[in-house]
Amino acid sequence: MKKFILLLALGVVAYSCSEEGTDLDQNETNAFLESVDPKATPSAALDDSSLGMYHGFIATLDSDFNAKIWINAGNDGKFNATAKSIDGEKYSFFSHEADMAGTQFTFKGVAGTFTFDISDLGNPIVSDVTINGKDGISHVYKEFSSQRGVVSLGNYVDDGDAAFTGVWNLISDGSPHPAGAGEIITESFVLSPSGNPFTDTTIETFDFACFGQTGIPGLILLNAGVQNEIWLFDQSSVWGPATATYDLGVSSSARDFNNIGYDSFSNQNAGGTAGCFITESQGTWSWNGRTGTVSFPGDVPLPVLTCTDPISFSADTGGTITNYRNDENVTRVVTTADGSPMSLYFTSFNTESCCDFLTIYDGADATATEIGTYSGGDLFQQQIDGTGDSLTLVFTSDFSVTEEGWTAEVCGVAPPPLVCDEDFVDSGGTTGDYGLNEDTTTTFTAPLGQVVLATFQAFNIESEWDYMRVYDGATEDPATEVTTIGGATTVTANGNSGFTGTSLQGESFQSSGASLTFVFESDDLFTEPGWEICIQYVTAATVAEKGAKDASAIDAPFIMEEVEPMTFNK
């Protein structure tokens, strides 16, 4: 057990009782408008000096204002500071030459003032804080050229008393975490509802079953748009008259078997069993007969779609069960039904980084403004927002090496599925495998004046041992055997021939006449999930007018068509 220490030396703060505003002349106004760049690299020449960059938080004692603060103490020869709140409020401060006394500086701006003392490199002190006429507090840590600070702004609330609420912030001085990513949490800071600050800089180690870590310190990893993590479990502290216990868990990498991400989890379930358990809150606490939750809305979770129940779809031609193909050039258009801006959130993304590219355009076709071109893992857990109701996705792959592709989420209701005149599935149905030693022939014949369009919504048979042959006619005639369908060609191996493996996944074929015949043969050893083929009886002009249909995987919630727009209701 350790104590929450009131007014600890690290970043100790005194308070200002002034309710007056700050008057600036024109030169001072121009100076404070020059904000600190949070991404500015601390000068290596100042690593051993008290001058340089500092990072932490600044808040009013009533918890009405809570912000990250970056203080530039001569890092580039200037003395200024920038504070940015959870709500996006941004305040600038500067220190005039007349306000400098050795290693103590008075910073002021339109929103308020504070004093900064860096006479002790290991104990920077921010004092006399006033923000918008209210007394405040700030804790900061020195940054170094190879070690940057990290801050997550949070708040807590009592489960049964909404008025019992306040600031709960986490700070790291940038010390690397032994897990191999992220930083060690240096300080947990809490403001009571009455404005009493409690600072805890002794974080207990804990075992973290969720990611198989044992005896680790608290971790914070904030990488905007890529990954956000907070691991801080099994903590207990003396907070005023009682002991507080708390657990904080946030993760953008904890995902379920459907690849759905969660922004909060716990280290044990309600029965006390260790493991990785999804929860509804990012943190829980107990103190003096009260219980409540903690949330960190400013940094985590990663951007997600605003609708309550987004739908997932497999955007690449391989669906969710196989890779996309070589030599692809595929266009997708997604559109909202109500004219609201279209957004896509990529739950997975993996293409050959050198050579297979997804280009996204902000409009209904590829003549619209290009948003960007992506490959490798560029779009994993990234959101793309359009300015209008449509986004166009153009994917190209080269002649070799394919990957899993991608899946994405959109807001709205999926368009109706492909309407099939007949649903041709293997003997195992949509949930089981086909059987051993099968030898079946199936023929589909369209009504007078129409042809057969077969769309392979799913195709997965034992590669080079089980085969499907397709004949452009009513019989198994070698003269009418189809040897190429889209990017797939027949192969000959182990005494048999035909389409095999997953080669027909996402492909379509239209007969030249009224009939189309399928012959399937399996051997006596292994089976696979098989196939689902949508059979449509269409006029011969259908494919020429619309383009071949490119189906998604069998487990995808709906089917997409190349080029032809998809509509979503938000």
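Residues numbered from 1 in each chain as written. Predicted model: local features only at pLDDT ≥ 70, side-chain atom pairs only at ≥ 80, totals over all residues. Heavy atoms only, no water.

Peer 1: Can you help me understand the overall build of the protein in this one?
Peer 2: On a plain count of helices and strands, the protein comes out with two helices and 46 strands. Considering only contacts in the protein between residues 6 or more positions apart, those separated by 24 or more positions represent 68%. Summing over all exposed atoms, the protein offers an accessible surface of approximately 24000 Å²; the carbon and sulfur share of this is 50%. (Helix = DSSP H or I, 4+ residues; strand = E, 2+ residues; numbered from the N terminus. Contact = heavy atoms within 4.5 Å. Areas by Shrake-Rupley, 256 points an atom, 1.4 Å probe, with all protein chains shown as cover.)

Peer 1: Can you walk me through the pattern of salt bridges in this structure?
Peer 2: For side chains of opposite charge, pairing can occur when their charged atoms come near one another. One pass over the structure, following the stated rule, counts seven salt bridges. For Glu-143, the salt bridge identified is with Arg-148, shortest N-O distance 3.1 Å. Across the pair Asp-161 and Arg-290 runs a salt bridge whose closest N-O atoms are separated by 3.3 Å. Pair noted here: Asp-161 is in the loop between strand S12 (155–158) and strand S13 (165–172) and Arg-290 is in strand S25 (residues 290–295), with a separation of 129 residues, a long-range link. Residue Arg-290 is classed as partly exposed on the basis of its relative accessible area of 27%. Residues joined in a network through salt bridges with shared partners are Asp-62, Asp-64 and Lys-134. (Salt bridge = Lys/Arg side-chain N within 4 Å of Asp/Glu carboxyl O. Buried < 20%, exposed > 50% of the residue type's maximum accessible area, 1.4 Å probe, protein only.)

Peer 1: Looking at this model, I keep getting lost on the pairing of strand S3 (residues 66–73). Mind explaining?
Peer 2: Consecutive residues of a regular strand have side chains that alternate between opposite faces of the sheet. Here S3 lies mainly inside the structure; eight of its eight residues are buried. Where burial is concerned, the two faces of S3 agree: the one with Asn-66, Lys-68, Trp-70 and Asn-72 and the one with Ala-67, Ile-69, Ile-71 and Ala-73 are both buried. Pairing between strand S2 (residues 52–60) and S3: eight bridges, direction antiparallel. Pairing of Met-53 across the sheet is with Asn-72, part of S3. In this structure, the hairpin formed by S2 and S3 is closed by a connection of five residues, where Ser-63 is found at a positive phi of approximately 65°. Pairing analysis gives seven bridges linking S3 to strand S4 (residues 79–85), with the strands arranged antiparallel. For Trp-70, the partnering residue across the bridge sits in S4 and is Thr-82. Here S3 hands over to S4 after five residues, with Gly-74 in that stretch at a positive phi of 80°. (Pairing = 2+ DSSP bridges.)

Peer 1: Help me out: how do you make sense of the confidence of the model for the protein in this one?
Peer 2: Should the pLDDT be low somewhere, the predicted coordinates at that spot are not to be read in detail. In the predicted model, the protein carries a mean pLDDT of 78, and the fraction of residues at 70 or more is 74%. In this model, residues 1–33 is a region of pLDDT below 50 whose contacts with residues beyond four sequence positions or in other chains number 97 contacts. The model gives residues 412–417 a pLDDT under 50, and that stretch makes 14 contacts with residues more than four places away or in other chains. (pLDDT = per-residue confidence, 0-100.)

Peer 1: Quick question: what am I supposed to make of the state of the cysteines here?
Peer 2: Such a bond, covalent and formed between the sulfur atoms of two cysteines, is termed a disulfide. This model, assessed by the stated rule, comprises one disulfide. With a sulfur-sulfur separation of 2.3 Å, Cys-354 is cross-linked through a disulfide to Cys-355. An S-S torsion of about -95° defines the bridge between Cys-354 and Cys-355 as left-handed. Under the relative-accessibility criterion, Cys-354 is labelled partly exposed at 49%. The exposure class of Cys-355 is partly exposed, given its relative accessible area of 25%. (Disulfide = S-S within 2.5 Å.)

Peer 1: Looking at this model, I keep getting lost on the environment of Ser-281. Mind explaining?
Peer 2: One can find Ser-281 in the loop between strand S23 (274–278) and strand S24 (283–287). Residue classification places Ser-281 among the buried positions, given a relative accessible area of 19%.

Peer 1: Would you take a moment to explain the packing of aromatic side chains for this structure?
Peer 2: Any pair of aromatic rings gets described here by the distance separating the centres and the angle formed by the planes. Here the structure, examined in full by the defined rule, presents 30 aromatic pairs. Centroid distance Tyr-156 to Trp-239: 6.2 Å. Interplanar angle 85°. Geometry classified as edge-to-face. Of this pair, Tyr-156 sits in strand S12 while Trp-239 is found in strand S20 (residues 227–239), placing the two residues 83 residues apart along the sequence. As far as the burial class goes, Tyr-156 and Trp-239 line up, both buried. Pairing Phe-164 with Trp-287 gives two aromatic rings, centres 6.1 Å apart and planes at 25°, and the pair type is stacked. In this pair, Phe-164 is assigned in the loop between S12 and S13 and Trp-287 in strand S24, connecting sequence segments 123 residues apart. Taken together, the aromatic side chains of Tyr-156, Phe-164, Trp-168, Phe-198, Trp-239, Tyr-246, Trp-285 and Trp-287 make up a single cluster linked through ring pairs. Its end group placed over the ring of Phe-164, Arg-290 keeps NZ or CZ at 4.0 Å from the ring centre. (Phe/Tyr/Trp six-rings, centres within 6.5 Å; stacked < 30°, edge-to-face > 60°. Lys NZ or Arg CZ within 6 Å of the ring centre and 35° of its normal.)

Peer 1: Please clarify how the sheet that holds strand S43 (residues 508–510) should be interpreted in this entry.
Peer 2: Two modes of strand pairing occur in sheets, parallel and antiparallel, and in both the strands are linked by backbone hydrogen bonds. Read from one edge of the open sheet, four strands run S34-S45-S36-S43, paired in antiparallel fashion. With one partner strand each, in any of the chains shown, strand S34 (422–425) and S43 form the two edges of the open sheet. Direction aside, neighbouring strands of the sheet carry axes that sit 20° apart on average. As defined by bridge partners, S34 adjoins strand S45 (residues 530–538) across four bridges and the pair is classed as antiparallel. By the bridge assignment, Val-425 is partnered in S45 with Glu-532. (Axes fitted to C-alpha atoms, helices over the stretch in contact; angles between N-to-C directions.)

Peer 1: Explanation requested: the side chain of Glu-507 in the structure shown.
Peer 2: Residue position: Glu-507 is located in the loop between strand S42 (496–498) and S43. Within the structure, Glu-507 has its side chain in polar contact with the backbone nitrogen of Gly-487 (distance 2.9 Å). (Polar contact = N/O pair within 3.5 Å; in protein donor to acceptor, adjacent residues only side chain to side chain.)

Peer 1: Where do I start with the side chain of Ser-50 in this structure?
Peer 2: Within the element layout of this structure, Ser-50 appears in the loop between helix H1 (26–32) and S2. Engagement of the side chain of Ser-50 in a polar contact is seen with the backbone oxygen of Ile-118, the distance being 3.4 Å. In contact with Ser-50, other than residues within four places in its own chain, are Thr-103, Ile-118, Leu-121 and Lys-142.

Peer 1: Is there a simple way to explain unusual backbone geometry in this structure?
Peer 2: It is generally the case that most residues other than glycine have a negative phi and that most peptide bonds are trans. Although it is not a glycine, Ser-63 adopts a positive phi angle of roughly 65°. Within the secondary structure layout, Ser-63 lies in the loop between S2 and S3. Its identity as a non-glycine residue notwithstanding, Asn-494 has a phi of 55°, on the positive side. Positionally, Asn-494 belongs in the loop between strand S41 (491–493) and S42.

Peer 1: Sorry if this is basic, but what is going on with the sheet that holds strand S44 (residues 515–521) here?
Peer 2: Taken in spatial order, the four strands line up as S35-S44-S37-S38 in an open sheet, and their pairing is antiparallel. A strand with exactly one partner marks an edge of an open sheet, and here the two such strands are strand S35 (439–445) and strand S38 (481–482).

Peer 1: Can you help me understand the environment of Gln-382 in this one?
Peer 2: Note on placement: Gln-382 falls in the loop between strand S30 (370–374) and strand S31 (383–385). Residue classification places Gln-382 among the partly exposed positions, given a relative accessible area of 22%. A C-alpha to C-alpha distance of 7.7 Å links Gln-382 and Thr-347, two positions 35 residues apart in sequence.

Peer 1: What am I meant to see in the environment of Ala-366 here?
Peer 2: Assignment of secondary structure puts Ala-366 in the loop between strand S29 (357–361) and S30. Ala-366 sits in the partly exposed class, given a relative accessible area of 41%. Separated by 33 residues in the primary sequence, Ala-366 and Val-333 have C-alpha atoms spaced 9.4 Å apart. If sequence neighbours within four positions are ignored, Ala-366 has contacts with Tyr-361, Thr-392 and Val-394.

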